[in-house]
Amino acid sequence: MTKQEWKNKTAVTEFILLGFGNGSHLDSLLFLLFLAIYIVTITANISIIALVVANRHLHTPMYFFLGNLSCLEICYSSDILPRMLLSYLGGERRISVNGCLTQYYFFGCLAAAECYLLTAMSYDRYLAVCQPLRYASQMSSRLCLGLGAMSWASGFLSNSILTALISSLDFCGPHEIEHFFCDSFPMIKLSCSDPHVVGRVVSVVAGVCALPPFLLTFSSYLCIIATVMRIPSAAGRKKAFSTCSSHLVVVILFYWSILTVYVLPHYNTQISPNKVFSVFYTILTPLVNPLIYSLRNKEVKEALQKQTGKFLAFRGLLSVKKRK
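Note that the coordinates shown come from a computational prediction; the quantities given were computed from them, not determined experimentally. (Residues numbered from 1 in each chain as written. Predicted model: local features only at pLDDT ≥ 70, side-chain atom pairs only at ≥ 80, totals over all residues. Heavy atoms only, no water.)

Engineer: Help me understand the UniProt feature "transmembrane region" (unreviewed entry) in the protein chain, please; the structure alone is not making it clear to me.
Structural biologist: Following the UniProt record, the feature "transmembrane region" (unreviewed entry) maps to residues 29–53, 65–84, 104–123, 143–166, 204–228, 240–264 and 276–295 here. When the span residues 104–123 is considered, its composition is 100% helix and 0% strand, and the gap between its end C-alpha atoms is 29 Å. (UniProt positions renumbered as here; feature names shortened; annotations may be inferred. Helix = DSSP H or I, 4+ residues; strand = E, 2+ residues; numbered from the N terminus.)

Engineer: Is there a simple way to explain the nonpolar core in this structure?
Structural biologist: Soluble globular proteins tend to bury their nonpolar side chains together. Formed by 84 residues in total, the largest nonpolar core has its most connected members in Phe-15, Phe-34, Phe-107, Met-187 and Tyr-262. In terms of residues, this core owes the most to one element, helix 4 (residues 97–130), which gives 15 residues. For Tyr-262, the contacting residues outside a window of four places in its chain are Phe-107, Phe-181, Asp-183, Ser-184, Phe-185, Ser-203, Ala-206 and Tyr-281. (Core = buried A, V, L, I, M, F, W, Y, C linked by side-chain atoms within 4.5 Å. Buried < 20%, exposed > 50% of the residue type's maximum accessible area, 1.4 Å probe, protein only. Contact = heavy atoms within 4.5 Å.)

Engineer: Any chance you could explain helix 3 (residues 61–90) here in plain terms?
Structural biologist: Because an α-helix completes one turn every 3.6 residues, residues spaced three or four positions apart along the sequence face the same direction. Here helix 3 contains 30 residues, and its C-alpha end-to-end distance of 44 Å stays within 8% of the 44 Å for a straight helix at 1.5 Å per residue. Maximal helix bending in helix 3 amounts to about 35°, located at Ser-78; proline Pro-82 follows within four positions. A positive backbone phi angle near 75° is found at Gly-91, which sits one or two residues after helix 3. (Expected span 1.5 Å × (residues − 1). Bend = angle between axes of the 7 residues up to and from the residue.)

Engineer: Sorry, what's going on with the sheet that holds strand 2 (residues 94–96) here?
Structural biologist: Working definition: the strands of a sheet are paired by backbone hydrogen bonds and lie parallel or antiparallel to each other. Strands sit in the order 2-1-3 across an open sheet of 3 strands; the sheet is mixed. With one partner strand each, in any of the chains shown, strand 2 and strand 3 (176–177) form the two edges of the open sheet. In this structure, strand 1 (residues 14–17) lies alongside strand 3, joined through 2 bridges in parallel fashion. Across the sheet, the residue bridging to Ile-16 is Glu-176, located in strand 3. Sitting on the sheet, helix 4 is in contact with strand 1, strand 2 and strand 3, with an inclination near 85° to strand 2. (Pairing = 2+ DSSP bridges. Axes fitted to C-alpha atoms, helices over the stretch in contact; angles between N-to-C directions.)

Engineer: Can you walk me through the environment of Phe-277 in this structure?
Structural biologist: Note on placement: Phe-277 falls in helix 10 (residues 275–295). In sequence terms Phe-277 and Ile-258 are 19 residues apart; their C-alpha atoms lie 7.6 Å from each other. Sequence-distant contacts of Phe-277, that is, excluding residues within four places in its chain, are made with Trp-256, Ser-257, Thr-260 and Val-261.

Engineer: In this structure, what is going on with the packing of aromatic side chains? I would like to understand it.
Structural biologist: Aromatic ring pairs are defined here through the distance separating the ring centres and the angle between the ring planes. This model, assessed by the stated rule, comprises 19 aromatic pairs. The interplanar angle of 20° and the centroid separation of 5.8 Å between the aromatic rings of Phe-20 and Phe-34 together place this pair among those described as stacked. Taken together, the residues span a long stretch of sequence, with Phe-20 in the loop between strand 1 and helix 2 (24–54) and Phe-34 in helix 2 at a distance of 14 residues. Residue Phe-20 is classed as partly exposed on the basis of its relative accessible area, which comes to 31%. What makes Phe-34 buried here is its relative accessible area of 6%. Grouped by ring-pair contacts, the aromatic residues Phe-20, Phe-34, Tyr-76, Tyr-88, Tyr-104, Phe-107, Phe-180, Phe-181, Phe-185, Tyr-262 and Tyr-281 constitute a single cluster. (Phe/Tyr/Trp six-rings, centres within 6.5 Å; stacked < 30°, edge-to-face > 60°.)

Below is the structure:
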C-alpha cells in the first residue's frame, strides 16, 4: 500500500490485546492463575519492604537494594497484571493508544531499571564475599544511594527515548496486538509508518540496557562462586553455593528472556515476540525474586519470626483487654 493510501485511512484510537487467546473456556482459569500470582507477588514484596524498614539490623546495603528491588517488582507487576485480570474477568481487551503507550512506558522503564539494579546487587555481593575486608569502606551509604538512584534514573531515561519514538509513529491499519500487554515490537508491527529505524533503535537500546549489566552480573557471580568453592567447610560451601547458584539461575532467566525477545530479532518487526519468553521477565521474575533473594535468607526469616511474634503478642494483649 502506498504512503498516500495509508494517510487516507482513519487513525487508530485503540488497540485490542489478544492475550493468550480468545478461548472463553480458558478465561476463568487464566484469571484465577494470574490473580493468585499477583496476590503472592504483592504480598511477598510488601513483606520484604516492611521487614527492611522495621528492623534496624536489616539497614545494610544488601537489604537496601532488596527493598528497592521489591518496590520495583510491585510497580512492575501492577503495570501489567491488573490490566490482564480485567480483560479475563470482563472480556474487555480494548485499550486506548495513549493507554497502551503509558503501559509500555512504565514497563520499559522498570525493566531497564531492574537490569541496572540487579547489577548493583551483584556488585554488593561481590564485595561482601570476595573482598570482605574492603566491604565496609567501599560500600558506603553514599555509594548505595548513588547506585540505587542511578538504576532508577537510567531505566526511566532510556525508555523515555523509545516511548517518544514509538508515539511518533502513525497507527491507521490493524489494531490487534498479538500479546498480553503493550510492548514495543507488537506496536511497531501495527504502524503504517516506516518502522525499521524505530525497530533498530529498540534493539540497540535493549541491548545496551541488558547485555552489559548481564555480563557484569554474570561475572560477579562467577567470582563469588569461585570464592565460595574455596571455603574449607563442606557444609558452609554447600550452603553458600546453593544461595549463589539460585541467584544466578534467576538472573540468567531474566536477562536471557529479555535479550531473546528484544535483541535477537533485531529490527525485523515481522517477528512476533514469544509470549512464553515474555512471561519470564514480566510475571515470574517479580514472583520468584522475593523468594530467592530474601525469604530464603536466614536474617530475613529471623526478622519475620520476630515481627510475627510481636504481632501475636499484640493481638493477645488486645484480647485480654477486651475480656476485662
